[in-house]
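# Examination of the molecular architecture
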Amino acid sequence: MRTVELLLDEAAELAVREAWRRLADAGLPSQARHRSPTNSPHVTLAACPELTAPIRWELAEVAAALPLPVRFTGVVRFERPTSVLAWSLDLDSVLAGLHRRVWEAVVSDSPPGTLNPFHEPGRWSPHITLGRTRRAGAFAGRRVPALLPAPPLSARLVTLRSFDTETGALDVLQPRS
């Protein structure tokens, strides 16, 4: 599977990594525990079986729209099927439009039934994962948000990339020149 992700500017990335550290130091599930060099704070826009040439062509157009300013809106928890603690992003019209372009690109050249329905426009919640676990309710305690630093008021999404979940390869998706 190939993800399509947006990376944060350096200051926002450092803030996320600090939140990861605080969760890990408290003995809670944290993305800091993933030691892979490819582990970076990111927003997942979609995932598809393959980045075909038509999909890459459309993603180059999306990459040309970066950097994109965004606002953090606070802490969010998901229980689907894993427990996730994240900082959510404001889904303004610009971010929603960029996401829709990515979704339309991957859906147009992917076999039916291969895309994650949580990435569909209208269902997608832009967020930066801070911690994830298979233990249901792992982040339900009241103390969890108090452990975290405040998210940045604003940030920029600066890089579009794809991660191959089978090989571990990363591709930075550049605008067409």
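Just above sits the structure.
Here the structure is a predicted model, which means the values were calculated and not measured.

A separate point is empty space enclosed by the protein. Across all of its chains, the model carries one cavity of 30 Å³ or more by this definition. Of the voids in this model, the largest cavity is the one considered here, and its volume is about 30 Å³. Forming the walls of the largest cavity are Trp20, Gln31, Ser40, Pro41, His42, Ile128 and Thr129. Here the residues of the lining of the largest cavity sort into three nonpolar, four polar and no charged.

For the rest of this paragraph, the subject is the pattern of salt bridges. Counted under the stated rule, the structure contains 10 salt bridges. Here Arg17 and Glu13 are joined by a salt bridge, their closest N and O atoms 2.8 Å apart. One end of the pair, Arg17, and the other, Glu13, are both in helix H1 (residues 10-25), four residues apart, so they sit about a helical turn from each other. Of the residues examined, Arg17 reaches a relative accessible area of 31% and is grouped as partly exposed. For Glu13, a relative accessible area of 22% corresponds to the partly exposed category.

Moving on, we get to the pairing of strand S5 (residues 127-133). A large share of S5 lies buried, amounting to six of its seven residues. Two strands pair when backbone bridges link them, and strand S4 (residues 82-89) and S5 are joined in this way by six bridges, in the antiparallel orientation. The partner of Val84 across the bridge, within S5, is Arg132.

So, on to the nonpolar core. Leu6, Leu130 and Leu160 are the most contacted members of the largest nonpolar core, which has 43 residues in total. Among the elements that make up this core, the one with the highest residue count is H1 (six residues). With sequence-adjacent residues up to four places away left out, Leu6 is seen in contact with Pro41, His42, Val43, Leu45, Leu66, Leu95, Leu98, Leu157, Thr159 and Leu160.

We now examine the side chain of His99. Mapped onto the elements, His99 comes out in helix H3 (residues 93-108). By relative accessible area, which is 2% here, His99 ends up buried. Within the structure, the side chain of His99 is placed 2.8 Å from the backbone oxygen of His119, a separation counted as a polar contact. Residues within four places of His99 in sequence aside, it is in contact with Leu45, His119, Glu120, Pro121 and Trp124.

This paragraph deals with H1. Taking 1.5 Å of rise per residue, the 16 residues of H1 would be expected to cover 22 Å, and the 22 Å separating its terminal C-alpha atoms lies within 8% of that figure. Ala12, Ala15, Val16, Ala19, Trp20 and Leu23 are the residues of H1 that are buried. The arc that holds the buried residues of H1, viewed along the axis, is 145°, so those residues lie on one side. Exposed residues pointing more than 90 degrees away from the buried face of H1 are listed as Glu10, Ala11, Leu14 and Asp25. Each element contacted by the buried residues of H1 is listed here: strand S1 (2-8), S4, S5, helix H4 (143-147) and strand S6 (154-163). Looking at where H1 begins, the residue whose side-chain oxygen comes 3.1 Å from the main-chain nitrogen of Ala11 is Asp9. The first or second residue beyond H1 is Gly27, which carries a positive phi of 80°.

Estimated volume of the largest pocket: approximately 800 Å³. Lining the largest pocket are 29 residues; nearest its centre among them are Thr3, His42, Thr44, Thr129 and Arg132. The set of elements that each furnish at least two residues to the lining of the largest pocket consists of S1, strand S2 (42-48), strand S3 (68-80), S4, S5 and S6. Class assignment for the residues of the lining of the largest pocket results in nine nonpolar, 16 polar and four charged.

With that settled, the discussion passes to unusual backbone geometry. Residue Pro67 follows Leu66 across a cis peptide bond; omega there is 5°. Of note, Pro67 is situated in the loop between helix H2 (53-63) and S3.

What counts, and at which threshold
Residues numbered from 1 in each chain as written. Predicted model: local features only at pLDDT ≥ 70, side-chain atom pairs only at ≥ 80, totals over all residues. Heavy atoms only, no water. 1 Å grid on protein atoms, 1.4 Å probe; cavity = no way out; pocket = protein on both sides within 12 Å on 5 of 7 lines; lining within 4 Å. Points joined across faces, edges and corners; volume = space filled by probe spheres on them. Nonpolar A, V, L, I, M, F, W, Y, C, P; charged D, E, K, R; others polar. Salt bridge = Lys/Arg side-chain N within 4 Å of Asp/Glu carboxyl O. Helix = DSSP H or I, 4+ residues; strand = E, 2+ residues; numbered from the N terminus. Buried < 20%, exposed > 50% of the residue type's maximum accessible area, 1.4 Å probe, protein only. Pairing = 2+ DSSP bridges. Core = buried A, V, L, I, M, F, W, Y, C linked by side-chain atoms within 4.5 Å. Contact = heavy atoms within 4.5 Å. Polar contact = N/O pair within 3.5 Å; in protein donor to acceptor, adjacent residues only side chain to side chain. Expected span 1.5 Å × (residues − 1). Arc of directions from axis to C-beta.

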